Amino acid sequence: MNYRVRQIWLSLTVVVLFAIVIGSVGGLSLAIATEAPVQQGLLRGALCGLFAGFFIASGEVAIDRSKRLRWIRRKPLPVVLFLRFALYTLGINLCFPIARGLSMRILYGEGNLFLIDDQFWAATVVGALLAILLALAQKLAPVVGHRRMLRIVLGVYQRPRKVEKIVVFMDLVGSTGLAEIIGDRAFLRFLNDAIWEMTDPIVRHKGEIYRYAGDSIILVWNAGQELNAIQCVFEIEEKLQQTRRHFESRYNTIPRYRVGIHKGPLVVGELGDMHVEIAILGDTINTAQRIEDLCRQQDYNVMASEEVLSEVELTEGIEAHALDDVNLRGKTRKIKLSGLRKVEA
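None of the values given here were measured: they were computed from a predicted structure. (Residues numbered from 1 in each chain as written. Predicted model: local features only at pLDDT ≥ 70, side-chain atom pairs only at ≥ 80, totals over all residues. Heavy atoms only, no water.)

### Observations regarding the packing of helix α7 (residues 184-204) against helix α8 (residues 226-242)
As a packed pair, α7 and α8 sit with axes 9 Å apart at the nearest point and diverge in direction by 140°. As for how α7 packs across α8, the hand of that crossing is right-handed. Each of A194, E197, M198, D200, P201, I202 and R204 in α7 lies in contact with α8, whose residues at this interface are C232, E235, I236, K239 and L240. Here the residues of the contact of α7 with α8 are counted per class, giving seven nonpolar, no polar and five charged. (Axes fitted to C-alpha atoms, helices over the stretch in contact; angles between N-to-C directions. Helix = DSSP H or I, 4+ residues; strand = E, 2+ residues; numbered from the N terminus. Left-handed = near helix turned anticlockwise from the far one by under 90°. Contact = heavy atoms within 4.5 Å. Nonpolar A, V, L, I, M, F, W, Y, C, P; charged D, E, K, R; others polar.)

Given below as structure tokens:
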């Protein structure tokens, strides 16, 4: 089980526990409203949350990891919403009568597992509404980012915050010529396929995708994770090489990136009104981009600043070669840079 799958199961375990809590509260409320025994309401709600949460979590893992079901994630929003709505509604509404009947058997020794009555239809309506909310949240969360979505809900970004971040700026080599050859639609599929392969190394090394800027990608790490950022870059290179057969068969080329890595202060906060975005602003991003741009003049695809390398001891297999101090475009002071290479054992 790779890191991404472990993270998915961890997240969905949290979802199941949250569903048990919500189910318990709902069961207790229903018991009070119908003057039913409190213990029956709590047990029924907890079991319903457990079964429904596990059903939905298993479905989400299957959609995320199964090659046969992965196409669902790339369908238009209405199609994805409908499919997830169907999955969630089925899970919630199947689990309610089973949980009710099982709780009755546990407490009283008897109970119909598939009793269809007024409570079942009421649960069906509530379950359908909850399914819509879950489907919307599950589809929209990746647009913002799961971590950022939680921070937005908690109001972390309402006031600008100064943070120390490691920025990795990646730019696709030969993008203009490739887009002309294969066309814009195929080029977008090419980028999407490349990003799909990058996701697992990024998640495994605890990185975060800040933004796609054309054919460039901006990744960020918290300060103190310099080695993670460097290892991630080379693991992405390795992963793209491993899947070269797929890219060569479909696009007659493979993705190659130039990379600039820098660390420094940034300001994070909400930006905009009608269109709100979590903006990360500061000279650190500009410097990382200038470092990547300098790769064009050097015999390196990956370059990093002294601010990054002074805080880390490189692992075996990665070598840093110090360069002369350089003036980056648009900068007044010189900066110490090193070129990074993967060395075969």
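Now that the structure has been shown, the text picks up again.
### Quick look at the pattern of salt bridges
Going through the model one piece at a time under the given rule, you end up with 12 salt bridges. The closest approach of N and O atoms between E238 and K342, which form a salt bridge, is 3.8 Å. In this pair, E238 is assigned in helix α8 and K342 in strand β10 (residues 337-342), connecting sequence segments 104 residues apart. Its relative accessible area of 39% is what places E238 among the partly exposed residues. A salt bridge links E248 to R244; its shortest N-O distance comes to 2.8 Å. On the criterion of helical spacing, the pair formed by E248 and R244 is a turn pair, its members being four residues apart in helix α9 (residues 244-251). You can call E248 partly exposed: its relative accessible area is 35%. What makes R244 partly exposed here is its relative accessible area of 34%. Salt bridges sharing partners connect three or more residues here, namely D171, R258, E292, D293 and R296. (Salt bridge = Lys/Arg side-chain N within 4 Å of Asp/Glu carboxyl O. Buried < 20%, exposed > 50% of the residue type's maximum accessible area, 1.4 Å probe, protein only.)

### Digging into the pairing of strand β2 (residues 208-213)
Relative to strand β3 (residues 216-222), β2 runs antiparallel, the two being bridged by five bridges. Considered in β3, the bridge of E208 is made with V220. In sequence, β2 turns back onto β3 through a hairpin of two residues, with G214 there showing a positive phi of about 65°. (Pairing = 2+ DSSP bridges.)

### Points about the nonpolar core
One finds V168, M170, M198, I230, Y257, V259 and I261 to be the most contacted residues of the largest nonpolar core, which totals 36 residues. V163, V167, V268 and A279 belong to the second-largest nonpolar core, a separate cluster that totals 13 residues. (Core = buried A, V, L, I, M, F, W, Y, C linked by side-chain atoms within 4.5 Å.)

### Points about helix α6 (residues 175-182)
Since one α-helical turn is 3.6 residues long, residues separated by three or four positions face the same way. Among the residues of α6, S175, L178 and A179 are the ones counted as buried. Each buried residue of α6 lies within a common arc of 100° when the element is viewed along its axis, so the set occupies one face. Turned more than 90 degrees away from the buried face of α6 sit T176, E180 and I181, all of them exposed. Looking at the residues trailing α6, positive phi occurs at G183, about 90°. (Arc of directions from axis to C-beta.)

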